[in-house]
Amino acid sequence: GDSVTQMEGPVTLSEEAFLTINCTYTATGYPSLFWYVQYPGEGLQLLLKATKADDKGSNKGFEATYRKETTSFHLEKGSVQVSDSAVYFCALSEGGTSYGKLTFGQGTILTVHP
Amino acid sequence: GAGVSQSPRYKVAKRGQDVALRCDPISGHVSLFWYQQALGQGPEFLTYFQNEAQLDKSGLPSDRFFAERPEGSVSTLKIQRTQQEDSAVYLCASSSRGNTEAFFGQGTRLTVV
């Protein structure tokens, strides 16, 4: 079956540091890939997505590129802020009728200090 | 505008008790999903509705778990004879027709004691 593996956390960074959170996947088909974020006390929110190989998703300074050859979708940000502290989830969907049936990774806790 | 609303936000149940968790999706969203998120883990898919039809229930862990969406809007996830391993956050998500983003509620945290 499908699976998503994220780098283990927690990740602790100083403000303005560079962020990478690794994500690799296993899928039977040709999935769409997502990063979701969960801020403290809030629900899961879509951060960015990519639907085909070599697509780059981007939002709020975060980027991730769909790499079919390495089955990866690593999340990067050049300069993190304290407000980026949250839990980040990599996910995939085989698509079909909706992107809502998702397979998630275990999540990576990011803490950014001033 | 209203997002996905779940109630109650917190539920404590004694082992063996039945519970019902409610999800109000975004108005007009035809697709509705339930997920279970154990502490420190990512959400795991339970079941999927398109309108009132339950199209996929492959993730329901046992026959104690039952979900319904009789009128194609509000959905209820029912857990019978709760056990300690059912303790988790139950998330609901909805999306509009076609391949579109799923919007998540804040979840119901169920603790079975």
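The structure this text deals with has already been given above.
Now for a quick tour of the structure. (Residues numbered from 1 in each chain as written. Chains lettered and ligands numbered in written order. Predicted model: local features only at pLDDT ≥ 70, side-chain atom pairs only at ≥ 80, totals over all residues. Heavy atoms only, no water.)

### Regarding the sheet that holds strand β3 (residues 19-24) of chain B
Residues and elements named next belong to chain B.
Then comes step 1: Ordered by their spatial adjacency, four strands build an open sheet running β1-β3-β8-β7, and the pairing between neighbours is antiparallel. What marks the edges here is a single partner per strand, and that holds for β1 (5-7) and β7 (65-68). The mean inter-strand angle of the sheet, taken between neighbouring strand axes irrespective of direction, is 15 degrees.
Then comes step 2: Sheet topology note: the β3/strand β8 (residues 75-79) ladder contains five bridges and is antiparallel. Across the sheet, residue R22 finds its bridge partner in β8, namely T76. (Pairing = 2+ DSSP bridges. Helix = DSSP H or I, 4+ residues; strand = E, 2+ residues; numbered from the N terminus. Axes fitted to C-alpha atoms, helices over the stretch in contact; angles between N-to-C directions.)

### Considerations on the interface of chain B and chain A
A common measure of how large an interface is: the accessible area buried when the components associate.
Then comes step 1: Opposite the 23 residues of chain B that make contact, chain A presents 19 residues.
Then comes step 2: Both sides of the chain B and chain A interface together cover about 1,600 Å² of buried area, and 51% of this is carbon and sulfur.
Then comes step 3: Across the pair K101 of chain A and D56 of chain B runs a salt bridge, and its minimum N-O distance is 2.5 Å.
Then comes step 4: At the surface where chain B touches chain A, the tally comes to three residue pairs in polar contact (both at pLDDT 80 or more).
Then comes step 5: Elements that contribute at least two residues to the side of chain B that touches chain A include exactly β4 (31-37), β5 (44-50) and β9 (88-95) of chain B.
Then comes step 6: At four residues, the largest contribution of residues to the side of chain B that touches chain A is made by β4 of chain B. (Contact = heavy atoms within 4.5 Å. Buried area = accessible area lost by both parts, 1.4 Å probe. Salt bridge = Lys/Arg side-chain N within 4 Å of Asp/Glu carboxyl O. Polar contact = N/O pair within 3.5 Å; in protein donor to acceptor, adjacent residues only side chain to side chain.)

### Some remarks on the side chain of T108 of chain A
All names here are of chain A.
Then comes step 1: Counting through the fold element by element, T108 comes out in strand β12 (residues 108-113).
Then comes step 2: T108 sits in the buried class, given a relative accessible area of 0%.
Then comes step 3: For T108, the side chain forms a polar contact with the side chain of Q6, separated by 3.0 Å.
Then comes step 4: Look past the residues within four positions of T108 in its chain and what remains in contact with it is Q6, M7, G9, V11, I21, A86, V87 and Y88. (Buried < 20%, exposed > 50% of the residue type's maximum accessible area, 1.4 Å probe, protein only.)

### With respect to the state of the cysteines
Then comes step 1: All chains considered together, the criterion is met by two disulfides over all chains.
Then comes step 2: Here C23 of chain A connects covalently by a disulfide to C90 of chain A, the sulfurs 1.9 Å from one another. Between C23 of chain A and C90 of chain A the disulfide shows an S-S torsion of about -70 degrees. By sign, it is left-handed. Of the two residues, C23 of chain A is situated in strand β4 (residues 23-26) and C90 of chain A in strand β10 (residues 86-93); the sequence distance between them amounts to 67 residues.
Then comes step 3: Residue classification places C23 of chain A among the buried residues on the basis of a relative accessible area of 1%.
Then comes step 4: The disulfide partner of C23 of chain B is C92 of chain B, and the S-S distance across this bridge is 1.9 Å. Between C23 of chain B and C92 of chain B, the S-S dihedral sits near -70 degrees, and the bridge is therefore left-handed. In this pair, C23 of chain B sits in strand β3 while C92 of chain B sits in strand β9, placing the two residues 69 residues apart along the sequence. Of the two residues examined, C23 of chain B and C92 of chain B, each falls in the buried class. (Disulfide = S-S within 2.5 Å.)

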